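Each chain is listed here by its residues.
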Amino acid sequence: MFLYIAIFAVILCGLVYEQRLGRIYAPQTHGFRAFVVVFVIGLIAGLRDMMGGYDVYVYANIFENLAKTQEFSLGMFFSLGSEGRVMGAEPGWILYNRLVGLFTDNRYAFFFVTSLLCYLALFRHLRKFAPYFFFALLIIFCRQFLQSFIYVRQFMACMIVWFALDFAIKRRLIPFLAVVLIAMNIHVSGFLFVIVYPLARWKMPVFVMLGGFAAALAMGLTPAFGSFLESFGTFVGNEKAAGYAAETGGGAHLFYMAEGLLMAAATLMARSAVYGKGVPAPISGGNGGGSALARLRARLPRVALDSSPRTVAMFNVMFLYICASLTTLQSPGMMRLIWVFWIGPICMLPYVCEKIIAGGGRSFFKALIILYFIAAFWLFAVRFDFGEMLHYRTFLF
């Protein structure tokens, strides 16, 4: 537990420093110091013991069986489909296991290499797409650090598919699809990222956003999504999809519904500014009536956020995450599949909050965001497998 607190302290120090700088993509917060912090977090994740329950042992057994029974040959690249079906994993994951297995058959070395690769990729993504590096790092640490111990394939697929963002922004379809194909061969959830390409540079009208949020919420609160998922799983012969459908019907997850609705409200408030059309400057408060407030807002200068294609794309990915989150409110298993869109709120939520709230309220809402995600971290640590994740263990001693 002390180790987690120490990581929080380091990230929070970086967060306070970058907020005092008041600059987006600041070299002081996106450079070597940020790399060291992420690298150390990757080392800690990689040096863990077998934490995470049943899934971790399944991954370890698959790797050891492949590593101990293979010899290098061209044939190893052409026998992946049948092995993947037998082991319940995508061909790309089997290939990755076999490639690492050429150098070692140690399960701890396998998890170490995998974690380090993932966190090095994460540093690259945050450095390129997060206006506030340490704020984004805090969010992803709280929501996915411990879960990356368990859902290794999903986490790795996210780190791969986020490389496709560059190609979506630059409108390079073939490289974009190639990266998505690689990711979905690590975990099938990577396929969902294809929707990013047509939306990456689209400045959506407000009615499209409102309609998307409303439709997603309606599906999330009714049996409609479960029925669709069951039909889809039957059609493609995917037992996992059918299993996720069976999870629905137990009621909406209120925690995620509140999170999704609050993000949706923030997205709608920031839409015009992010798209470069300008919005009235944010107001911290006042005692006047509604009409006086309206007249005051009309006189204030109009401000705009960084409306570059990069920012527009990340904002739209945040929109996709909110819609996907609201759609899957009744299916906890499906929540893991929408991680591919998580980079949107990771990068944009602090930025949007920074620009739509003014004065002392800005610091207050930032503090609320920080407390919310820290609470989410400890809630997961306490609840998962009877608190096993609370106490970090390493295989070194």
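Here the structure is a predicted model, which is why all the values come from computation and not from measurement. (Residues numbered from 1 in each chain as written. Predicted model: local features only at pLDDT ≥ 70, side-chain atom pairs only at ≥ 80, totals over all residues. Heavy atoms only, no water.)

On inspection of all chains with the given rule, the structure shows three cavities of 30 Å³ or more. Here the largest cavity is characterised by a volume of approximately 50 Å³. I41, Y119, L122, L137, I140, F141, Q144, F145 and F155 together form the lining of the largest cavity. Looking at the lining of the largest cavity, the elements that each hand over two or more residues are α7 (107–129) and α8 (133–144). The biggest single contributor to the lining of the largest cavity is α8, with four residues. (1 Å grid on protein atoms, 1.4 Å probe; cavity = no way out; pocket = protein on both sides within 12 Å on 5 of 7 lines; lining within 4 Å. Points joined across faces, edges and corners; volume = space filled by probe spheres on them. Helix = DSSP H or I, 4+ residues; strand = E, 2+ residues; numbered from the N terminus.)

Turning next to the pattern of salt bridges. Summed over all chains, the structure comprises four salt bridges. Linking K128 and D166 is a salt bridge whose minimum nitrogen-to-oxygen distance equals 3.7 Å. Of this pair, K128 sits in helix α7 while D166 sits in helix α11 (residues 164–169), placing them 38 residues apart in sequence. (Salt bridge = Lys/Arg side-chain N within 4 Å of Asp/Glu carboxyl O.)

Attention now moves to the packing of helix α3 (residues 32–46) against α8. Direction vectors running N to C along α3 and α8 enclose 10 degrees, while the axes themselves pass 11 Å from each other. Taken together, the axes of α3 and α8 lie roughly parallel to each other. Contacts between α3 and α8 involve A34, V37, V38 and I41 from the former and F133, F134, L137 and F141 from the latter. Residues that form the contact of α3 with α8 fall into these classes: eight nonpolar, no polar and no charged. (Axes fitted to C-alpha atoms, helices over the stretch in contact; angles between N-to-C directions. Parallel < 35°, antiparallel > 145°, perpendicular 65-115°, else oblique. Contact = heavy atoms within 4.5 Å. Nonpolar A, V, L, I, M, F, W, Y, C, P; charged D, E, K, R; others polar.)

This paragraph deals with the confidence of the model for the protein. Per-residue confidence for the protein gives a mean pLDDT of 80, with 77% of residues at or over 70. In this model residues 80–86 is a low-confidence stretch, pLDDT under 50, and it forms 10 contacts with partners more than four residues away in sequence or in other chains. (pLDDT = per-residue confidence, 0-100.)

Our next topic: the packing of aromatic side chains. Scanning the entire structure with this criterion turns up 32 aromatic pairs. Ring centres of Y4 and W378 lie 6.2 Å apart, and the angle between their planes is 65 degrees; on these two criteria the pair is classed as edge-to-face. In this pair, Y4 is assigned in helix α1 (residues 2–21) and W378 in helix α22 (residues 359–383), connecting sequence segments 374 residues apart. Looking at W378, the relative accessible area reads 21%, which means it is partly exposed. Here the aromatic residues Y4, F8, F141, F145, F149, F377 and W378 are joined through ring pairs into a cluster of three or more. Directly above the ring of Y197 sits R171, whose terminal nitrogen or CZ lies 4.0 Å from the centroid. Taking the ring centre of Y25 as reference, the NZ or CZ of R310 above it sits at 3.8 Å. (Phe/Tyr/Trp six-rings, centres within 6.5 Å; stacked < 30°, edge-to-face > 60°. Buried < 20%, exposed > 50% of the residue type's maximum accessible area, 1.4 Å probe, protein only. Lys NZ or Arg CZ within 6 Å of the ring centre and 35° of its normal.)

The topology assignment puts H30 in helix α2 (residues 27–30). Ignoring sequence-local partners within four residues, the contact set of H30 consists of Y25, F123, L126, R127, A130, P131 and F133.

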